Protein chains: 2
Amino acid sequence: MTGAAIQAAVEQAVRRVFVSADPPAASSAPAAVTVRRVVPVGVSSRHLHLQPDHVEALYGKGHRLTKLRDLIQPGQFACKETVTLIGPQGKIAQVRVLGPERKQTQIEAAVTDLVALGVMAPLRLSGDLAGSAPLKIRGPRGLVEIREGLIIAHRHLHIGGDESSRYGVQTGDRVRIRTSGSRPVLFEDVIVRAGGDHRMEFHLDTDEANAAGVKNGDLAEIIGG
Amino acid sequence: MTGAAIQAAVEQAVRRVFVSADPPAASSAPAAVTVRRVVPVGVSSRHLHLQPDHVEALYGKGHRLTKLRDLIQPGQFACKETVTLIGPQGKIAQVRVLGPERKQTQIEAAVTDLVALGVMAPLRLSGDLAGSAPLKIRGPRGLVEIREGLIIAHRHLHIGGDESSRYGVQTGDRVRIRTSGSRPVLFEDVIVRAGGDHRMEFHLDTDEANAAGVKNGDLAEIIGG
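All figures in this text were calculated on a predicted structure; none of them were measured in a lab.

Let's shift gears to the confidence of the model for chain A. Residue and element names in this part refer to chain A. Model confidence for chain A is summarised by a mean pLDDT of 89, while 84% of its residues fall at 70 or above. This stretch, residues 13–27, has a pLDDT under 50; its non-local contacts, to residues over four places away or in other chains, come to eleven contacts. Reported confidence for the predicted complex is 0.83 by ipTM and 0.85 by pTM.

Here it is in structure tokens:
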């Protein structure tokens, strides 16, 4: 589903489900407008971001990442490249590389993945890597061993500037978001990342998405203050 | 952690965290008693229950399941026996058999497991197997192919008769339970299974436990009416 399609689905759903569900005004006074702060879900499977010298170490000298498809967040893309993660108790093959290259290699995995690998890692926002966990990464041309960079991604909400004003949330806020999939869940402690370079998307990892029975593009709602 | 130890931990925690956290009464009137409905978490990893002829088919004629350790729920136990689950796209080895034997073989797996196997299954309470998913099971002495019996376990609360009265919940109720691990979550739609043969335990699968950052014996709380 493209970003535009998800955006359209959100807007359509807001009109259909929420606005039309409001009870008709009981008097001639103007009807109160209930603002439902609906957000689309984005599920992050285990993946990694690579620093330039690691791209070359894994894929060969002079190699550049190859775009497979754009992600919802502007400038971010899934690559054709995959790696194998190697932990003390297991391996996970075909883990997707996301582009563009970053200053420091970062691996994001769900707890279930970490159990399979036999490692543990801290719960962090992207980019907050000091003291995070080490891991080995194997590519077709070589092996890289990072001393830190493995994290469990902290659940977070990307939201653009206009939408963040409309929804009354700003960067660093901790909000609660309710999903309404087959296994309804209220996720607390969702960190907001707001601003012009973000597109509205509630990022969960696969454990969280599976626990809630939701998939990419499903709708959730910010609850409370 | 044994059932008695978890029970003791619950009682101690209720005293320490909740009762002592109540603010002192501001007047000479009797202090209001706040009933916090605390429940211990029990995490179910993927596992299976076997019908008698499947025990023999997998482990050999005349074989009986061997108890490894008792579970919290009375009469239930983990066995020394394990199997390999075989799906169209993958296998999972060393899946624990739970005893005693049952009338119909039942496999409970998390969505993450089903993705690895390449199958999907319905969300069900234990024992509700009509029309559930098929799967192959390999043991040391043979292979069994079930036509139904694979489910995703619906989150549920086991609770004894006295406790269910005290907590104001009964079998079939749907309650909301809040965990307070590293990733706080309010789980909605938790089905209550109450009665004398249940010991208080909030059963989650590994996806749900990992999404909430909780482990066996952690405390959660029933919220709302």
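It is worth spelling out helix α2 (residues 52–59) of chain A at this point. All names here are of chain A. Among the residues of α2, His54, Val55, Leu58 and Tyr59 are the ones counted as buried. Seen from one end, α2 has its buried residues packed into an arc of 110 degrees, which puts them on one side. Considering only its buried residues, α2 is in contact with β4 (77–86), β5 (91–99), β8 (133–139) and β9 (142–153). Glycine 60 occupies a position one or two residues after α2 and carries a positive phi of about 110 degrees.

All right, on to the pairing of strand β13 (residues 201–205) of chain A then. All names here are of chain A. Most of β13 is tucked away: five of the five residues are buried. Residues of β13 alternate between two faces, with Glu201, His203 and Asp205 on one and Phe202 and Leu204 on the opposite face, all of them buried. Examined bridge by bridge, strand β1 (residues 37–44) and β13 share four bridges and lie parallel to one another. Counted as the bridge partner of glycine 42 is histidine 203 from β13. As defined by bridge partners, strand β10 (residues 156–159) adjoins β13 across three bridges and the pair is classed as antiparallel. The partner of leucine 157 across the bridge, within β13, is phenylalanine 202.

Bringing the relation of the copies chain B and chain A into the picture now. Least-squares fitting of chain B to chain A yields an RMSD of 0.0 Å, with the superposition described by an axial translation of 0.0 Å and a rotation of 180 degrees. Taken together, these values place the two copies in the relation of a two-fold axis. Mapped onto chain A, 100% of the interface residues of chain B again fall at the interface, so both copies present the same surface.

Attention now goes to empty space enclosed by the protein. Residue and element names in this part refer to chain B. Scanning all chains against the criterion turns up three cavities of 30 Å³ or more. What the second largest cavity holds in volume is close to 40 Å³. Residue lining of the second largest cavity: Ser44, Ser45, Arg46, His47, Glu108, Ala109, Ala110, Ala153 and Asp205, and that is the complete set. Residues belonging to the lining of the second largest cavity are distributed by class as follows: three nonpolar, three polar and three charged.

Moving on: the interface of chain B and chain A. Contact with chain B, which involves 20 residues of that partner, is made by 20 residues of chain A. When the two sides are added together, the surface that chain B and chain A hide from each other amounts to roughly 1800 Å², 48% of it contributed by carbon and sulfur. Contact with chain A buries surface across chain B, with Arg183, Glu188 and Asn210 of chain B losing the most and accounting together for 32% of the total. The tally of links from chain B across to chain A stands at six salt bridges. Across the pair glutamate 208 of chain B and arginine 183 of chain A runs a salt bridge, and its minimum N-O distance is 3.3 Å. For the interface between chain B and chain A, the tally reads 17 residue pairs in polar contact (both at pLDDT 80 or more). Among the secondary structure elements, those contributing two or more residues to the side of chain B that touches chain A are α3 (111–117), β9 (142–153), β12 (185–194) and α5 (206–212) of chain B. Considering each element in turn, the side of chain B that touches chain A owes the most residues, five residues, to β12 of chain B. Residues belonging to the side of chain B that touches chain A are distributed by class as follows: nine nonpolar, three polar and eight charged.

Reading the values: the criteria
Residues numbered from 1 in each chain as written. Chains lettered and ligands numbered in written order. Predicted model: local features only at pLDDT ≥ 70, side-chain atom pairs only at ≥ 80, totals over all residues. Heavy atoms only, no water. pLDDT = per-residue confidence, 0-100. Contact = heavy atoms within 4.5 Å. Buried < 20%, exposed > 50% of the residue type's maximum accessible area, 1.4 Å probe, protein only. Helix = DSSP H or I, 4+ residues; strand = E, 2+ residues; numbered from the N terminus. Arc of directions from axis to C-beta. Pairing = 2+ DSSP bridges. Least-squares fit on C-alpha atoms with pLDDT ≥ 70 in both. 1 Å grid on protein atoms, 1.4 Å probe; cavity = no way out; pocket = protein on both sides within 12 Å on 5 of 7 lines; lining within 4 Å. Points joined across faces, edges and corners; volume = space filled by probe spheres on them. Nonpolar A, V, L, I, M, F, W, Y, C, P; charged D, E, K, R; others polar. Buried area = accessible area lost by both parts, 1.4 Å probe. Salt bridge = Lys/Arg side-chain N within 4 Å of Asp/Glu carboxyl O. Polar contact = N/O pair within 3.5 Å; in protein donor to acceptor, adjacent residues only side chain to side chain.

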